[in-house]
Every structure is written in structure tokens, then in C-alpha cells.
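Working through the structure, step by step
Here is how the chains run, residue by residue.
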Amino acid sequence: MSGQPDYSFFAAVEKSFDKAAVFTGWDAGILEQIKQCNYVYRMHFPVKIGDKIEVIKAYRVQHSHHKTPCKGGIRFAMSVNLDEVMALAALMTYKCAIVNVPFGGAKGGITIDPKKYTAYELEKITRRYTAELIKKNFIGPGIDVPAPDYGTGEREMSWILDTYMSMRPGEIDSMGCVTGKPVSQGGVRGRREATGLGVFYGLREVCNMTDVMSKIGLETGVEGKRVVVQGLGNVGYHTAVFFQQAGAKIVGLAEYEGAIWNNDGFDVDTVFNHRKLSGSILNFPGARNFDSTDEALEMECDILIPAALENVVNATNAPRIKAKIIGEAANGPLTPEADEEFIRRNVLVVPDMYLNAGGVTVSYFEWLKNLSHVRYGRMEKRFTENMNNHILGQIEELTSKQVSAKERDFIMHGAEEVDLVRSGLEETMITATREIMEIWKSNPTIPDMRTAAYVCAINKVGTSYAELGIFP
Ligand code: NAD
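Structural notes, computed from the coordinates. Residue numbering note: each chain is counted from 1, following its sequence as written. Note on the predicted model: pLDDT of at least 70 is required for a residue's local features to be given, and 80 or more for side-chain atom pairs to be given and counted; whole-chain, interface and lining totals, by contrast, use all residues. The side-chain numbers reported here are obtained from all heavy atoms of the structure, hydrogens and water having been left aside.

**Here we look at the overall build of the protein chain**
What the protein chain contains, in helices and strands, is 16 helices and twelve strands. C-alpha atoms of the protein chain, sized along the principal axes, occupy 70 × 55 × 55 Å. Partly exposed residues are those whose accessible area sits between 20% and 50% of the maximum for their type, while under 20% is buried and over 50% is exposed, using a 1.4 Å probe and protein chains only. Burial status across the protein chain gives 55% buried among its 472 residues. Partitioning the contacts of the protein chain with sequence separation of at least 6, the portion at a separation of at least 24 is 68%. Here a helix means four or more residues in a row that DSSP labels H or I, a strand means two or more in a row labelled E, and each is numbered from the N terminus. Contacts: residue pairs with any heavy atoms within 4.5 Å of one another.

**Points about the pairing of strand 2 (residues 52–62)**
Of the strand pairs in this sheet, strand 1 (residues 39–49) and strand 2 are connected by eleven bridges, and their pairing is antiparallel. Note on strand 2: the bridge partner recorded for methionine 43 is alanine 58. The hairpin formed by strand 1 and strand 2 contains two residues between the paired strands, and glycine 50 there has a positive phi angle of roughly 60°. Each pair of strands is called paired provided DSSP finds at least two bridges between the two strands. Two strands pair when backbone bridges link them, and strand 2 and strand 4 (residues 104–110) are joined in this way by five bridges, in the antiparallel orientation. Each residue of the ladder has a partner; that of tyrosine 59, found in strand 4, is glycine 109.

**Quick notes on the pattern of salt bridges**
The term salt bridge refers to a pairing of a side-chain nitrogen on Lys or Arg with a carboxyl oxygen on Asp or Glu at a separation within 4 Å. Scanning all chains against the criterion turns up 34 salt bridges. Of the charged contacts, one joins arginine 450 and aspartate 339 as a salt bridge, the two residues approaching to 2.6 Å between their closest N and O atoms. Here arginine 450, found in helix 16 (residues 449–468), pairs with aspartate 339, found in helix 10 (residues 336–344); they are 111 residues apart in sequence, far enough to count as distant. Like arginine 450, the residue aspartate 339 is buried in the burial classification.

**Some thoughts on helix 13 (residues 381–399)**
A rise of 1.5 Å per residue sets the reference length of helix 13, with its 19 residues, at 27 Å; its end C-alpha atoms lie 27 Å apart and thus fit the reference within 8%. All buried positions along helix 13 are accounted for by Lys381, Glu385, Asn388, Leu392 and Glu396. Projected onto a plane normal to the axis of helix 13, the buried residues spread over an arc of 70° and lie on a single side. Facing away from the buried side of helix 13, by more than 90 degrees, are the exposed residues Phe383, Asn386, Glu397 and Leu398. Looking at the packing, one finds that the buried side of helix 13 touches helix 14 (405–412). Once helix 13 finishes, serine 400 follows within two positions and takes phi at roughly 55°, a positive value. The length a helix should cover is 1.5 Å for every residue beyond the first. Of all possible arcs, the one meant is that of the directions from the helix axis to the C-beta atoms.

**Quick word on the site of the ligand**
As a structural note, the neighbourhood of the ligand is formed by 19 residues, with Thr195, Asn234, Val235, Glu255 and Asn331 the closest of them. Within the side chain of arginine 75, a nitrogen or oxygen atom sits 3.5 Å from an oxygen atom of the ligand. The accessible surface values rely on the Shrake-Rupley method and a 1.4 Å probe; as for residues, cover is taken only from the protein chains in view. Against a free-state accessible area of 820 Å², the protein chains account for coverage of 76% of the ligand. Among the residues forming the shell around the ligand, the class breakdown is eight nonpolar, eight polar and three charged. If even one non-hydrogen atom of a residue comes within 4 Å of a molecule or strand, that residue is called near it. Counted as a polar contact is a pair of N or O atoms within 3.5 Å, where, for protein atoms, one must be capable of donating a hydrogen and the other of accepting one, and residues adjacent in sequence contribute only when both atoms are in side chains. Side-chain classes follow a simple rule in which Ala, Val, Leu, Ile, Met, Phe, Trp, Tyr, Cys and Pro form the nonpolar group, Asp, Glu, Lys and Arg form the charged group, and the remainder, Gly included, forms the polar group.

**Focus on the pairing of strand 4**
With seven of seven residues buried, strand 4 is to be regarded as a mostly interior element. Burial of strand 4 is two-sided: the residues Gly104, Ala106, Gly108 and Ile110 facing one way and the residues Gly105, Lys107 and Gly109 facing the other way are all buried. Here five bridges tie strand 3 (residues 70–76) to strand 4, and the two strands are oriented parallel to one another. Residue pairing for strand 4: cysteine 70 is matched across the bridge by glycine 104.

**Regarding the packing of helix 3 (residues 82–98) against helix 16**
Note on geometry: axes are lines fitted to C-alpha atoms, helical ones only across the stretch in contact, with angles between N-to-C directions running from 0 to 180 degrees. For the pair helix 3 and helix 16, interaxial distance at closest approach is 8 Å and the crossing angle is 85°. Taken together, the axis directions place helix 3 and helix 16 in an arrangement best described as roughly perpendicular. Here Leu91, Thr93, Tyr94, Ala97 and Ile98 of helix 3 come into contact with helix 16, specifically with Ala453, Tyr454, Cys456, Ala457, Lys460 and Val461. For classification purposes, angles smaller than 35 degrees are called roughly parallel, those larger than 145 roughly antiparallel, those between 65 and 115 roughly perpendicular, and all remaining angles oblique.

**Description of unusual backbone geometry**
Residue threonine 68 is joined to proline 69 through a cis peptide bond whose omega torsion reads 5°. Inspection of the secondary structure assignment puts proline 69 in the loop between strand 2 and strand 3. A positive phi angle, near 55°, is found at asparagine 100, a position not held by glycine. Mapped onto the secondary structure, asparagine 100 falls in the loop between helix 3 and strand 4.

**Some remarks on the side chain of histidine 63**
Along the chain, histidine 63 turns up in the loop between strand 2 and strand 3. Within the structure, the side chain of histidine 63 is placed 3.3 Å from the backbone oxygen of glutamine 36, a separation counted as a polar contact. At a separation of 2.7 Å, a polar atom in the side chain of histidine 63 contacts the side chain of threonine 93. Ignoring any residue separated from it by four or fewer positions in sequence, one finds histidine 63 in contact with Ile34, Lys35, Gln36, Cys37, Asn38, Ala89, Ala90, Thr93, Tyr94, Gly105 and Ala106.

In C-alpha cells, the structure reads:
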């Protein structure tokens, strides 16, 4: 792809870090320690596939131990390499710090094409990888807690959990050794849509800031905003749905086969089902077709949400982007060169590092649930409902008026697990957005929101080192 940077992913993360570090007061030694990957574990192990032995290459990187356990997903993809795993582990440290999730960053990956293996073969690879992590003390509820990422999901997390429990029998908190599990195996309700919902909460908060909106020439609020989303996978689909529910117009949608446009806006579920049935997003009734997915990025809109791949907006196409706000739902969709262009043109880039933190935030809630061994809401739901019923009865008696059945249902409702998870996520994303914006506003020489987010992260990790001291 043209316009791609000629430096590595980890080098790009280091570049962004260095750009922000000058706005912090930490000494060079602390900054260097924050930046480096603490543990890098590269492994090869054999797995019997049919009548052959395959040597599998895999990684686990723990970027920071300023807080433990470490946390980060596991990718299964042919593109997995050490540089990518290091970069993603570093981003996890900064992401967790910004959203006040008390973990150090980590990431793992296996260099395989998961489509080439049967479920049984993938299970063997996943279990052997987990066994290697256990042998080196690289996994555990207090050590390092993996999660799903590209190419992995609930199924793989279940295999990891089962392998861990088989090799560490009787460990009472073993459920917390991995997150992103099925709800029936210690997972938490609300995890599946968490990243998309977090993207929505973060962007909604930005759109509600009158001063920020007036600076880029947009009205306050989400309602009526024209939104384009690239990638209708887990993150993109849910983000689009939540924007539509809030009254935004989804005018453009893109998948790898192309893009569609309708100035009146799409119903996201109808497009999703059309793609499921026809095998393509194209030829949706009433929509204009574009053969290349990248054309979606250049569509006329208020908010552009790349939710598929990295480096899709780069030096080549950044000058043609028309959106006023770019919400980075994917990891690394903009190159540093694109960032420079948007700073020049006063386009607001809401950075991936915190915007897509909904997944890890809810993973944190899952881990807490596993350590407490009880479902959220189990203890208080009925109590709340009974109490609300009693208070409502008193009010009705005193006022001699009755609330409607709909209002009664709303007031009576005791929180379910999913209500509490969503409430915690909303609080997290609003607080993080405000914190980053405060840092940006307090120093007008900080060029963009990404740099402000890095400053926020560096200060939090730096404070840990300063307060805990350096051992010995
Ligand atoms: P996914 O596999 O569910 O969805 C990706 C979607 O993008 C798929 O529908 C795919 O067909 C589409 N796609 C692939 N190539 C494309 C192209 N060239 N143009 C347009 N669409 C294309 O993955 P996901 O979980 O939604 O992740 C998307 C991005 O969000 C990744 O960068 C990922 O690292 C990041 N992310 C995901 C999570 C999470 O919780 N899932 C959390 C944080 C960040």
C-alpha cells in the first residue's frame, strides 16, 4: 500500500511516546524504563498436525510491571511478529493507564493462519502455547492475563482456561487467568459489544464538549451527525449500531469488498443482514456502490470511524479526508504522517489508545468477577427492586397519584450484570475523555489529542515508579 511509513510499528509507538515525553517532567531514566518492553518471550514448539510435526513460532511480551498482573490479547495471524507484539504490548500499558485499569501491558501472538487448521488442531496449538506460558510463569491471575484479539475468541479462551486449571489444580482464582471467556465459563455479560460501546461513549463525550466542537466547526451532540464506518466486524458493527441508536446518520459503510453510501443514512442491521445473505455489502437497495473500501475514508461526513485495519489513513490519502472528527476504533489506523496532516488542517483525531479501551475495561470487570466468585448484581438486584417498590408505594400513597406501568418498570428495575458493566464502562470512557482533554487544554503547545493521551499515560506510569521507588 502506498503512503506506508518506512519504520516499524514499535518504532512508531516510540515516536509517539517521545513526542509526548517532552511535555512531561520525568527524568530520562524513568522515561526509558517506561518505554522498554520488560520481558520478551519468543518460543518455538512442536505440534503434531496429521502425520507431520509442525514447528510453531509464538510470542508473549510483558511490556510493563509497574502494575500487575499484565494484560493483553493473543493474536493468531500469519502477520504476527516480534515487533508487532512488542508495539501492541506497549500500547496496552498506555491504554490501561489512561482508563485506570490497574494492569501492566502485555500481548501475545502465534504466527499461524488459523483458517488452515481444524478446530482440533487449533486446540492442540492453543493448549501447547498455554503450557509453554505456564512453564515460564507467563500466565496466571496475578501474573499475566491474556484475552482475545485478532483470530481468537471465546473458544480459544476456554481452551486456555482449561489447560491452566489442569496444570494448576486447586488454585482458587484460576478463572481469572484469562478473560473474554464465554459467560458460562466465567465470562461477563456485555464483553462482546464493549469495545464498540466504549468507542461510542468516548466520541459522544467529545461531541458534547461545546468548546471542542466549536473549534472544529460542528454543532454539539451526536444527534444528526453524519458517520462513516469502515469494517463491520465486532468493533465497527457495534459502534455503528450505538451511533444509530443515538440519532446519528450512518451515511457510509465499508467492508473489504467495497463501500456503500446513502445520504439519508442506513439501518445498520439491515445492511448487516444484506451482507450475510448476499455475501457482499455492495448493491444494497438505494445505496451508491464504491468498488474500493478506501473510498469510504474519503466520503463527505462529520465523523469517520476506521474499525478494520492499521495504517489505512496515511500520507497519500490524508489530504483527501473530509471528516472533521476521526475516531480510531481500530488499532493504529492512522500513520504519524497522517497525524501531522490532521494537525495542520484542524481535524480532531480521537486516538485508538484510549478510544478502543472498552474491551480491556470490561475484561478488567470480568477478572474482578472471577476473583470475587460471584455474578455482578446477584446480591443486590432483588434488594434494590424491593426497596424501590417500597419507596414508590410510599410516594404514591402520599401524593395519591399512580405512576404509569412503564415508569414503574423503569424505577423498580434492579441492576443486572450487563447494566452494571455498561455503567462502569460509561463512567470509565467519560472520565478518560475529560482527563485527556484537560491535559490538552492546560498546555496549548501539545499538538493533538493523541499526544495529550500519551502524556496522560506517561504521567500515570511515571507516578507509579516515583511512588513505589526502584528495587533494590
Ligand atoms: P473483526 O475481525 O471482528 O472485524 C474486522 C472487520 O473488518 C471484518 O468484518 C473484516 O471483514 C473487515 N475488513 C477486513 N479488511 C478490510 C478492509 N480492507 N476494508 C474494510 N473492512 C475490512 O475484528 P475486530 O475485533 O472488530 O477488530 C477491528 C479492529 O479493532 C482491529 O484493529 C483490532 O485490533 C481493534 N480492536 C478490537 C478490540 C475488540 O475488542 N475486538 C479491542 C480493541 C481494538
